[in-house]
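Report on the structure
For reference, the chains in residue letters:
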Amino acid sequence: MENLILDCDPGHDDAVAILLAAGNPQLNLLGITTVAGNQTLEKVTRNALAVCAKAGIRVPVAAGAERPLVREQLIAGEIHGASGLDGPVLPEPAFDLDPRPAAQFIVDTVMTQPAGTVHLVPIGPLTNIALAMRLEPRLVSRVKSVVLMGGAVGVYGRTPVTEFNIQADPEAAAAVFEAGWPITMVPLDLTYQALATDEVLARIGAEGGELGTFVVEMLTFFGNQYRKERGLPAAPVHDPCAVAKLIDPAVFTSRPAFVAVELTGTWTWGQTVTDYRGQLGRPHNAEVADRLDTVRFWDLVTDAIVHLHNS
Ligand code: RIB
Ligand code: CA
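This write-up is about the structure you can find in this document. Note that this is a predicted model, so its numbers are computed, not measured.

Here we look at the packing of helix α11 (residues 209–230) against helix α13 (residues 294–310)
The N-to-C vectors of α11 and α13 enclose an angle of 135°; their axes lie 7 Å apart at closest approach. Here α11 lies oblique to α13, going by the angle between them. On α13, the residues touching Gly-209, Glu-210, Leu-211, Gly-212 and Val-215 of α11 are Ile-305, Leu-308 and His-309. Looking at side-chain class alone, the contact of α11 with α13 contains four nonpolar, three polar and one charged residues.

Thoughts on the packing of helix α1 (residues 12–23) against helix α2 (residues 41–55)
Between α1 and α2, whose axes approach to 10 Å, the crossing angle comes to 45°. Overall, the two elements α1 and α2 adopt an arrangement that is oblique. The chirality of how α1 crosses α2 is right-handed. Contacts between α1 and α2 involve Ala-15, Ile-18 and Leu-19 from the first element and Ala-48, Val-51 and Ala-55 from the second. Among the residues forming the contact of α1 with α2, the class breakdown is six nonpolar, no polar and no charged.

Description of the coordination of the calcium ion (ligand 2)
Each protein donor to the calcium ion (ligand 2) is listed here as Asp-9 (OD), Asp-14 (OD), Asp-14 (OD), Ile-123 (O) and Asp-239 (OD); together their distances run 2.2 to 2.6 Å. Each donor residue of the calcium ion (ligand 2) lies on one chain, and together they are spaced D-x4-D-x108-I-x115-D. With Asp-14 in helix α1 and Asp-239 in the loop between β8 (235–236) and α12 (240–247), the pair connects residues that are 225 residues apart, well separated along the chain. Since its relative accessible area comes to 0%, Asp-14 is described here as buried.

With respect to the environment of Ile-75
The topology assignment puts Ile-75 in the loop between β3 (61–63) and α3 (77–80). The class of Ile-75 is partly exposed, set by a relative accessible area of 37%. Among all residues touching Ile-75, those that are not within four sequence positions of it are Gly-37, Asn-38, Gln-39, Thr-40 and Phe-164.

Quick look at the environment of Thr-162
Secondary-structure assignment places Thr-162 in the loop between β5 (145–149) and α7 (164–168). The class for Thr-162 is buried, based on a relative accessible area of 1%. It is 9.7 Å that separates the C-alpha atoms of Thr-162 and Val-273, two residues lying 111 residues apart in sequence. Non-local contacts of Thr-162, meaning those with residues more than four positions away in its chain, are made with Tyr-156, Gly-157, Gln-167, Thr-268, Trp-269, Gly-270 and Gln-271.

Some thoughts on the site of ligand 1
The immediate surroundings of ligand 1 are formed by Asp-9, Asp-13, Asp-14, Asn-38, Ile-123, Met-149, Glu-163, Phe-164, Asn-165, Leu-188, His-238 and Asp-239. Here Asp-9 contributes a side-chain N or O atom positioned 3.0 Å from an oxygen atom of ligand 1. Between ligand 1 and Asp-13 there is a distance of 2.7 Å, counted from an oxygen atom to a side-chain nitrogen or oxygen. When the free accessible area of ligand 1 is taken as 280 Å², the share hidden by the protein chains comes to 95%. Tallied by class, residues from the shell around ligand 1 come to four nonpolar, three polar and five charged.

Thoughts on the packing of aromatic side chains
A complete count under the given rule lists two aromatic pairs for this structure. On the numbers, 5.1 Å between centres and 85° between planes, the contact of Phe-222 with Tyr-226 is edge-to-face. Placement of the pair is Phe-222 and Tyr-226 together in helix α11, with a separation of four residues, close to one helical turn. Tyr-226 shares its class with Phe-222; the two are buried. On the basis of an interplanar angle of 70° and a centroid distance of 4.8 Å, the ring pair of Phe-297 and Trp-298 is categorised as edge-to-face.

Thresholds, definitions, all that
- Residues numbered from 1 in each chain as written.
- Chains lettered and ligands numbered in written order.
- Predicted model: local features only at pLDDT ≥ 70, side-chain atom pairs only at ≥ 80, totals over all residues.
- Heavy atoms only, no water.
- Axes fitted to C-alpha atoms, helices over the stretch in contact; angles between N-to-C directions.
- Helix = DSSP H or I, 4+ residues; strand = E, 2+ residues; numbered from the N terminus.
- Parallel < 35°, antiparallel > 145°, perpendicular 65-115°, else oblique.
- Contact = heavy atoms within 4.5 Å.
- Nonpolar A, V, L, I, M, F, W, Y, C, P; charged D, E, K, R; others polar.
- Left-handed = near helix turned anticlockwise from the far one by under 90°.
- Donors = N, O, S within 2.8 Å, 3.2 Å for Na, K, Ca; no water.
- Buried < 20%, exposed > 50% of the residue type's maximum accessible area, 1.4 Å probe, protein only.
- Near = heavy atom within 4 Å.
- Polar contact = N/O pair within 3.5 Å; in protein donor to acceptor, adjacent residues only side chain to side chain.
- Areas by Shrake-Rupley, 256 points an atom, 1.4 Å probe, with all protein chains shown as cover.
- Phe/Tyr/Trp six-rings, centres within 6.5 Å; stacked < 30°, edge-to-face > 60°.

Here it is in structure tokens:
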């Protein structure tokens, strides 16, 4: 059983990550924290509560940073819509938020569990993680690992050289990569392989019951936006790729690298500069995911949706 805290900005793919984290019996979802990213903090937090209500998930949800550490706030309305989770009708929240700010919730949860037993899985901008590190520096040595969705190595994202989560708060991302804890970075190079094709959606709809229908409605909207805005054939469902690694480490391969976040480049700020060959003379600080077992991945996602539907 792997313990994790999911830090997210729902977000269509974040929503699927929540379902995978709560619906797989090998995972113990200790809590969900939210961060401004795809939409405002208020909207992403409401969306996290709505997904929990829809799926019957009952874990603590704590709201976090409403803006990045330094930069102006970016949002991704062109992909996720005005609500941040356009497509399906969203239920009202089924429970109240945890009263603590996300950073405090993360620190309290990690520091009260045995050392080395809790993974942090950030799948939005890394603001909450950086704030938690500032609040409790011992966090870095106590966390089992950080599996983050973010970055781009050889593909384009929001700009020719950046990915949204990292560019939305590059100072926070730089702090995370420099901290020295075990990091698995799940970049767009990996997550563009996690396409919600018509076949994937048909299976989820056929096997997942009402919750499956909800997921199909979400991913149909998500896919339409990606086709329109980015010319992709289907929606790349980025965030659950990070969660899947904790269930089955073989779900994707990875290679060690030194990763640095560019902070000053006029055209390149927010870029994850990824050095596999030691050219920069710096020690490796991350495992960088590269090849996804798509069959295994979609089996895990579909099985989690079915499990939650039947619970
Ligand atoms: O670039 C993809 C990432 O940005 C995903 O986490 C998506 O939810 C958005 O936050
Ligand atoms: Ca996200």
